[in-house]
Amino acid sequence: MNQIIIAIDGYSSCGKSTIAKALAQKLNYIFIDTGAMYRATTLFFLDNKINFDDDAAIHQALGNIKIHFENHNGKRITFLNDQNVEDAIRTMRVSQSVSPVATISAVRRAMVAQQQAMGKAKSVVLDGRDIGTVVFPNAELKLFITADPDIRAQRRVSELKNKGQVVNFEEVKQNLLERDHIDSSRADSPLRQATDAILIDTTHTTQEEQLNMVLELALQKIKS
Ligand code: DC
């Protein structure tokens, strides 16, 4: 049995995290939600009033940010400087600023270094935007996830409503499209499908079907 790295990239709210989490659970692999790391960094910048154009303040702030993940009763929780920020990083306040923060090269360098350290022992599933292209270009299995924007917005609205947040469909959809645009057009490690990534469209498939499909692909790599 090979221990492999599974890189899952794609657009916002296509179900990447759900697929990555379920796949990691089936394989007994570690799941790393790299978007949560950019979100936690954004939360720190907002709470500490760091100006996104102030290189010196950003450099200093990055030295004061410690992110880690813990599993609580099967739920993965993001911690920022030992504080549970899992709900705070999923609010629209953070969603509206995270893509601009993710364009900052110093931020990307800090996140990528941590992700490479977390994944170097293999047996990991990472989801993000640049995993197959930049973080682990030699990952054994690369998937690129996409879905229709209306379906993505609807899924995100349901997810946020289930958490008790009041959200508007159009606002959520605009945020997704805006983030896709910023993520795909930034100069530093833009969102791209790696040439050797397998494209998966989740518009018309259930979570169970998606999991079965990616599990099959992962097991082929692990056994080969
Ligand atoms: O996966 P997510 O929607 O939680 O990610 C939030 C933002 O973080 C996304 O709009 C772009 C950025 N991101 C990134 O630039 N690179 C990654 N590897 C993961 C996320």
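Residues numbered from 1 in each chain as written. Predicted model: local features only at pLDDT ≥ 70, side-chain atom pairs only at ≥ 80, totals over all residues. Heavy atoms only, no water.

Student: What should I look at first to understand the layout of surface pockets in this one?
Tutor: The probe, sized like a water molecule, is rolled over the atoms to show the empty space still left. When its volume is computed, the largest pocket comes out at roughly 860 Å³. The wall of the largest pocket is formed by 39 residues, among which Ser 17, Asp 33, Arg 90, Arg 156 and Glu 159 lie closest to the centre. Of all the elements in the fold, those that place two or more residues in the lining of the largest pocket are helix H1 (16-27), helix H2 (34-47), strand E4 (75-80), helix H4 (92-102), strand E6 (124-128), helix H7 (149-162), helix H8 (169-185) and helix H9 (207-223). With five residues, the single largest contributor to the lining of the largest pocket is H2. (1 Å grid on protein atoms, 1.4 Å probe; cavity = no way out; pocket = protein on both sides within 12 Å on 5 of 7 lines; lining within 4 Å. Points joined across faces, edges and corners; volume = space filled by probe spheres on them. Helix = DSSP H or I, 4+ residues; strand = E, 2+ residues; numbered from the N terminus.)

Student: In this structure, what is going on with the nonpolar core? I would like to understand it.
Tutor: Nonpolar side chains in soluble globular proteins generally cluster together in the buried interior. Ranked by internal contacts, the top residues of the largest apolar core, which has 35 residues, are Phe 45, Leu 80 and Val 107. Elements with a minimum of two residues in this core: strand E1 (5-10), H2, helix H3 (55-63), strand E3 (67-72), H4, helix H5 (105-119), E6 and helix H6 (131-135). Looking at this core element by element, the count peaks at seven residues for H2. Filtering out sequence-adjacent residues up to four positions away, Phe 45 remains in contact with Ile 50, Phe 52, Ile 58, Ala 61, Leu 62, Ile 65, Val 101, Ile 104 and Val 107. (Core = buried A, V, L, I, M, F, W, Y, C linked by side-chain atoms within 4.5 Å. Buried < 20%, exposed > 50% of the residue type's maximum accessible area, 1.4 Å probe, protein only. Contact = heavy atoms within 4.5 Å.)

Student: Is there a simple way to think about the site of the ligand in this case?
Tutor: Surveying the vicinity of the ligand reveals 15 residues, the closest of which are Arg 39, Arg 108, Asp 130, Arg 179 and Arg 186. In this structure, an oxygen atom belonging to the ligand sits 2.9 Å away from a side-chain N or O atom of Arg 179. Note that an oxygen atom of the ligand is positioned 2.8 Å from one of the side-chain N or O atoms of Arg 186. The fraction of the free accessible surface of the ligand (450 Å²) that becomes covered by protein chains is 97%. The site holding the ligand turns out to be the largest pocket. Put simply, the parts of the chain that give the shell around the ligand at least two residues each are H2, H4 and H8. In terms of residue count, the dominant contributor to the shell around the ligand is H2 (four residues). Grouping the amino acids of the shell around the ligand by side-chain chemistry returns three nonpolar, four polar and eight charged. (Near = heavy atom within 4 Å. Polar contact = N/O pair within 3.5 Å; in protein donor to acceptor, adjacent residues only side chain to side chain. Areas by Shrake-Rupley, 256 points an atom, 1.4 Å probe, with all protein chains shown as cover. Sits in = over half its atoms within 2 Å of the grid points. Nonpolar A, V, L, I, M, F, W, Y, C, P; charged D, E, K, R; others polar.)

By themselves, these are just geometric observations and shouldn't be taken as functional.
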